Amino acid sequence: MATINFKGPSPFEGISERKHDESDYKYENYKNYFSKDGQGGAPVNIAIIGLGRAGSIHLANVIANPRVNLRYIVESNRDIWESTRVRWNLTNTTILHPDDINQVYNDKSVQACLVATPTFTHEEYILGSLEAGKAVFSEKPISQDPEGTQRCYKKSFEVGKPLFCAFNRRFDPSFSAVKTKVQEGVLGHVQRIKTVSRDSPLPSLDYLKISGGIFHDCAVHDIDMITWILGEYPSQVYSSANANIPEIAAINDWDNVAITLTFKSGTIGMIDICRFANYGYDQRLEVFGHKGMLHVLNDTPNKEVFSTEAGSSQVPMYYSFPSRHADGYNRELNHFLDVVQTGAVMSVTDRMTAAVSKIADACEESAKTGQPVDLTWSDDEIPTEGYFKV
């Protein structure tokens, strides 16, 4: 039959009332390209300390962000200084060796330091930056041990400067959307929450030797995401772990880990981690409640689908974390700038960081002993916003 009877009104009717869905954050950013209000006033003068795996990502994001002036790079590998300067056209950026970092600390125009060095050096650079009156953005973890983490946050409070621990997956658009819906109660009570984190490519042995181990290098992301989504910390953890890669076994680490987290509310958490997946960077999340399920599947660089008589195929999932989590890295930088420029409430606090490390320690202990580990939480360990003690 003819469908002319179903023809609607002109799309110009109500054109001024139509809006984009709030999930389209990229369009929202586009709308603000010429905003008179800006985003916090004058750009933040910043120093990047370390140009390794994470530092190189932050370098690209900082240079692309109009809210930042990159004053210094502190990097021990002099072989990459000139190529970095040329590649990024760093005509107004000073590159220093860590031996000369006091030049950064003594420069009163520098407002913030971004720490992306090996884990065992974090505390030194965080304390030095805070003592010099700089705000600090640090890759996780803050320190290798709880006492070091406490020292860093204590110094942050003493000098009145923010210390932000960069759990970038919180800022992933898909993961953060799931968190919002769970906290709104769309699933009801969560019965099961599961993450999959399988790395690609296989990290170098040089990196693995200084990474802090799979629990503090990898599992902390999943632990943080699960507890952040739920707003609750586990009462018991159990880990099963082994090393299928001989070279990783030789450095007394694991490459294949399963973690179960038990929560007093009745939720069960499950974490699946592997150091190497040959098919790409496997990042998945599933949350199941009595009202339904939310899940995040793996993303791909483009949505091309190739179909033949043999079936259909698409391009592989993202190869590694710099591409898969590109949006998260950008969004966490802008959050940090909001904190520095406008006094926005920092979304990752000292209690959250300490709790994740405490849980990771318990998971590692369980892997070593083969026994579950019980956890208790005092009131002063529970964050004041978004978390609850059951």
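Because the structure is a prediction, the values reported are computed rather than measured.

Draft legend 1. Spotlight on the packing of aromatic side chains. Going through the model one piece at a time under the given rule, you end up with nine aromatic pairs. On the basis of an interplanar angle of 45° and a centroid distance of 5.5 Å, the ring pair of Y27 and Y30 is categorised as tilted. Residue Y27 and its partner Y30 are both found in helix α1 (residues 25–31); the two are separated by three residues, about one turn of the helix. Under the relative-accessibility criterion, Y27 is labelled partly exposed at 37%. With centroids separated by 5.4 Å and ring planes inclined at 80°, the aromatic side chains of F215 and W254 adopt a geometry described as edge-to-face. Of this pair, F215 sits in helix α9 (residues 214–230) while W254 is found in the loop between α10 (246–250) and β9 (256–262), placing the two residues 39 residues apart along the sequence. Accessibility classification places F215 together with W254 in one group, the buried group. Through a chain of ring-to-ring contacts, the aromatic side chains of F137, F164, F171 and F336 assemble into a single cluster. Its guanidinium or amino end placed over the ring of Y207, R53 lies 4.1 Å from that ring's centre, counting from NZ or CZ. Over the face of the ring belonging to W88 we find R87, whose NZ or CZ atom lies 4.2 Å from the ring centre.

Draft legend 2. Inspection of unusual backbone geometry at higher detail. Looking along the chain, the bond that leaves K140 and enters P141 is cis, with omega of -10°. With respect to the element layout, P141 can be found in the loop between β5 (135–139) and α6 (146–159). The peptide bond linking S200 to P201 adopts the cis configuration, its omega dihedral lying at -10°. You will see that N89, though not glycine, has its phi angle at about 55°, which is positive. Position of N89 relative to the elements: it lies in the loop between α3 (81–87) and β3 (94–96). Under the relative-accessibility criterion, N89 is labelled exposed at 57%. Positive phi is not limited to glycine here, since N252 has a value of about 60°. Checked against the element boundaries, N252 lands in the loop between α10 and β9. Using a relative accessible area of 70% as the deciding quantity, one classes N252 as exposed.

Draft legend 3. View of the sheet that holds strand β12 (residues 292–296). What the seven strands build is an open sheet, ordered β12-β11-β7-β10-β9-β8-β15; its pairing is mixed. The sheet is open, and its two borders are formed by β12 and β15 (373–374), each paired with just one other strand. One ladder, built from five bridges, connects strand β11 (residues 282–289) with β12; its direction is antiparallel. When the sheet's bridge partners are listed, F288 is paired in β12 with M293. Packing of helix α7 (residues 173–184) onto the sheet brings it into contact with β7 (190–198), β11 and β12, and relative to β12 it is tilted by some 160°.

Draft legend 4. A negative patch on the surface, seen in detail. Residues D21, E22, D24, E28 and E184 make up a contiguous surface patch of negative charge. Along the chain, the position of E28 falls in helix α1. Overall, E28 belongs to the partly exposed group, its relative accessible area being 32%.

Rules used in this analysis
- As a convention, each chain's residues are numbered from 1 in the sequence order in which they are written.
- Per-residue local features of the predicted model are confined to residues with pLDDT of at least 70, and side-chain atom pairs are confined, for both listing and counting, to 80 or more; whole-chain, interface and lining totals are unaffected and use all residues.
- Processing note: side-chain calculations cover all non-hydrogen atoms of the structure and skip hydrogens and water entirely.
- Here a Phe, Tyr or Trp ring, Trp counted by its six-membered ring, pairs with any other such ring whose centre lies within 6.5 Å, and the pair is stacked when the planes are under 30 degrees apart, edge-to-face when over 60, and tilted otherwise.
- In this text, helices come from DSSP runs of H or I with a minimum length of four residues, and strands from runs of E with a minimum of two, each type numbered from the N-terminal end.
- With a 1.4 Å probe rolled over the protein chains alone, any residue whose accessible area is under 20% of its type maximum counts as buried; one over 50% counts as exposed, and the rest are partly exposed.
- Definition used: whenever NZ (Lys) or CZ (Arg) falls within 6 Å of the ring centre and also within 35 degrees of the ring normal, the charge is taken to sit over that ring.
- Two strands qualify as a pair provided that DSSP identifies no fewer than 2 bridges between them.
- Every residue pair with non-hydrogen atoms within 4.5 Å of one another is taken to be in contact.
- Axis lines are fitted through C-alpha atoms, for helices just across the contact stretch, and the angle between N-to-C directions can take any value from 0 to 180 degrees.
- Patch building starts from residues that exceed 30% relative accessible area and form no salt bridge, then joins like charges within 9 Å and nonpolar side chains (Val, Leu, Ile, Met, Phe, Trp, Tyr) within 5 Å.
- All accessibility values rest on the Shrake-Rupley procedure with a 1.4 Å probe; residue burial counts only the protein chains present in the view.
- Salt bridges are identified by distance alone: a Lys or Arg side-chain nitrogen within 4 Å of an Asp or Glu carboxyl oxygen.
- A positive count includes Lys and Arg, and a negative count includes Asp and Glu. His and the chain ends are not counted in either.
- Taken as the charge location is NZ of Lys, CZ of Arg, CG of Asp or CD of Glu.

In short, geometric facts, not functional conclusions.
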